[in-house]
Amino acid sequence: MSTTVRQPSRKHSVPLSEVEQTAFCRSEDDLRPQPLLDELKVNVRWQQIPPEYQALDPETLDRRITDVKRELGQKVTILGHHYQREEIIKHVDFRGDSFKLSQNAASRPEADFIVFCGVHFMAETAALLCAPHQQVVLPNMAAGCSMSDMAPMDDVLDAWDDLAEVLDGYGTILPVAYMNTAAGLKGLCGRQGGIVCTSSNAQAALQWSYDRADRVFFLPDQHLGRNTALTLGVDRQDMVVWDPFKPLGGHTAEALRRAKLVLWQGHCSVHTRFTTRQIEAARSRFPNINILVHPECTSEVVQTADLNGSTELICKVINEAPAGSIWGVGTEINLVNRLAQANPDKTIFCLDPVVCPCSTMYRIHPAYLLWVLEELLEGRVANRITVDEDTRHHSRIALENMLRLPSP
Ligand code: SF4
């Protein structure tokens, strides 16, 4: 059977959010609070906000956020992802991973406004799950996620069309979208009978998909997809990585027909910094150390570690660990520092010696939080995140498929 090999559109290249990822990296722990004006010197994209907010010192920002939050009362719920900086986390009503936070928001119907201190796809997910009267606000519109940005809708639709053509008559395929995707991709999954997953339930979501189809198209994180499939016993030889910059993702039609798993060529700029060499260095320093990493790390790192799991699992394991235990952790530095502070009876440190926060999460500076809250007090909704009705409908199908999975 002949297949027309489409040339990639090349409309998209490496996302800017990926290029900007190292902008906040430091050689030592120096993530002190400072006025936004000073942080604007870091060469990344920032949303412009009124100049009076940019010059405010950390103490003034803290006091004014506390005051405006008190005045807004029950009308506002502030959500903070685990990777947010401490100056933000201290003001949030709920702290968690992206999906848990969206559920938290849904549990507060009295709040007309949900201020999501996270990245763009998280605010979109909250907008998908919240009640119709609730409005979701992202304090800084430049807070994207480089992994999510690696799977632009047009490129994914081209890939899906190519796969449908190549696989016609050769069995079925289902799309599985990690939570870290734009709402449009979750909608694609809903339309095609697929499912959304988090890092906690990726294994169940993949199994659910293999129960219904011959192969899976997993996106956007190749590492989470690969690590999860390996635990299900899928052979590496049955996996291919789809490169959106090459015709047919860089494969022959025959190779795609043989594959059980097509992985989108995306990754997390934060979690792929961890290496097996860092693990070896930590083990030679502390022979009794426990190595705990996120499944967005490479499969070599995950297989060298003692344990791997979602941010929620990392928090649970470390908080419940015995006093005196030692933990080398492979996840975002703000979370690792917070776990170390909350567990002074344990030794907890980040495996990466370079202090490198998620640069897009880090763009939620307190000046942005204050600005959106004071706008709400004035009756104006700044930076509202919305999802069109068709996308909302289909995304919710894929999310509901996920919600029916057995608990991890
Ligand atoms: S840590 Fe990675 S996946 Fe999470 S928001 Fe940052 S870039 Fe995206």
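Residues numbered from 1 in each chain as written. Predicted model: local features only at pLDDT ≥ 70, side-chain atom pairs only at ≥ 80, totals over all residues.

A. View of the domain arrangement of the protein. Here the protein is described as being made up of domain 1 (32-144 + 360-377), domain 2 (148-269 + 390-403) and domain 3 (272-350). Taking only C-alpha atoms, the centre of domain 1 and the centre of domain 2 are 31 Å apart. Opposite the eight residues of domain 1 that make contact, domain 2 presents 12 residues. At the level of elements, helix H6 (98-106) and helix H7 (120-129) are the ones that each hand at least two residues to the side of domain 1 that touches domain 2. If one sorts the elements of the side of domain 1 that touches domain 2 by residue count, H7 sits on top with four residues. Of the residues assigned to the side of domain 1 that touches domain 2, the class counts are three nonpolar, three polar and two charged. (Domains from an automatic or database assignment. Contact = placed C-beta atoms within 7 Å. Helix = DSSP H or I, 4+ residues; strand = E, 2+ residues; numbered from the N terminus. Nonpolar A, V, L, I, M, F, W, Y, C, P; charged D, E, K, R; others polar.)

B. Summary view of the site of the ligand. Around the ligand, a shell composed of 13 residues is seen, among which Cys145, Met147, Cys268, Val270 and Cys358 lie nearest. A class-by-class count of the residues in the shell around the ligand yields eight nonpolar, four polar and one charged. (Near = placed C-beta within 6 Å.)

C. Just helix H19 (residues 389-403), in detail. Compared with an ideal rise of 1.5 Å per residue, which puts 15 residues at 21 Å, H19 spans 20 Å between its outermost C-alpha atoms and is within 8% of the ideal. Burial in H19 covers these residues: Thr391, Ser395, Ala398, Leu399, Asn401 and Met402. Within H19, the buried residues cover an arc of 150° as seen down the axis, which keeps them to one side. Residues of H19 that are exposed and point over 90 degrees away from its buried face: Glu389, Asp390 and Glu400. Residues of H19 that are buried make contact with H7, strand S5 (173-178), helix H10 (183-191), strand S6 (195-197) and helix H11 (202-210). (Expected span 1.5 Å × (residues − 1). Buried ≥ 20, exposed ≤ 12 C-beta atoms within 10 Å, placed from the backbone. Arc of directions from axis to C-beta.)

D. Expanded view of the sheet that holds strand S8 (residues 239-242). What the five strands build is an open sheet, ordered S6-S5-S7-S9-S8; its pairing is parallel. Each edge of the sheet is formed by a strand with only one pairing partner; in this case those strands are S6 and S8. When the angles between neighbouring strand axes are averaged without regard to direction, this sheet yields 25°. Across three bridges, S5 lies against S6 in parallel orientation. Counted as the bridge partner of alanine 177 is valine 196 from S6. Of the strands in this sheet, S5, S6 and strand S7 (215-219) touch H11, which is tilted by about 160° from S6. (Pairing = 2+ DSSP bridges. Axes fitted to C-alpha atoms, helices over the stretch in contact; angles between N-to-C directions.)

E. Representation of the nonpolar core within the structure. Formed by 118 residues in total, the largest nonpolar core has its most connected members in Phe116, Ala126 and Val176. At eight residues, helix H18 (residues 366-377) tops the list of elements feeding residues into this core. Not counting residues up to four positions away in its chain, the partners in contact with alanine 126 are Leu101, Ser102, Ala105, Ile114, Phe116 and Val136. (Core = buried A, V, L, I, M, F, W, Y, C linked by C-beta atoms within 7 Å.)

F. Spotlight on the packing of H11 against helix H12 (residues 222-231). The geometry of H11 relative to H12 is characterised by a closest axis approach of 9 Å and an angle of 70° between their N-to-C directions. With respect to their mutual orientation, H11 and H12 come out roughly perpendicular. Contacts between H11 and H12 involve Ala202, Gln203 and Leu206 on the former and, on the latter, Leu224, Thr228, Ala229 and Thr231. Class assignment of the residues belonging to the contact of H11 with H12 gives a composition of four nonpolar, three polar and no charged. (Parallel < 35°, antiparallel > 145°, perpendicular 65-115°, else oblique.)

G. How the structure looks around the sheet that holds strand S12 (residues 326-330). An order of S11-S10-S12-S13 is seen for the four strands of this open sheet, with the pairing classed as parallel. A strand with exactly one partner marks an edge of an open sheet, and here the two such strands are strand S11 (307-308) and strand S13 (347-350). As judged from the four bridges shared by S12 and S13, these two strands associate in the parallel manner. Residue pairing across strands places isoleucine 326 opposite threonine 347, the latter belonging to S13.

H. Layout of the environment of serine 102. You can see serine 102 is positioned in helix H6. Setting aside chain neighbours within four positions, we find serine 102 in contact with Thr125, Ala126 and Leu129.

I. Local environment of helix H4 (residues 58-72). Its 15 residues place the ends of H4 21 Å apart at the C-alpha level, agreeing with the 21 Å of an ideal helix rising 1.5 Å per residue. Looking one or two residues past H4, glycine 73 carries a phi angle of roughly 55°, positive in sign.

J. Quick peek at the pairing of S7. Across the five residues of S7, five count as buried, placing the element largely inside the fold. Side-chain alternation along S7 places Arg215, Phe217 and Leu219 on one buried face and Val216 and Phe218 on a second face that is also buried. Here S5 runs beside S7; their pairing, made up of five bridges, is parallel. For isoleucine 173, the partnering residue across the bridge sits in S7 and is arginine 215. Looking at chain direction, S7 and strand S9 (residues 261-264) are connected through three bridges and run parallel. Counted as the bridge partner of valine 216 is leucine 261 from S9.

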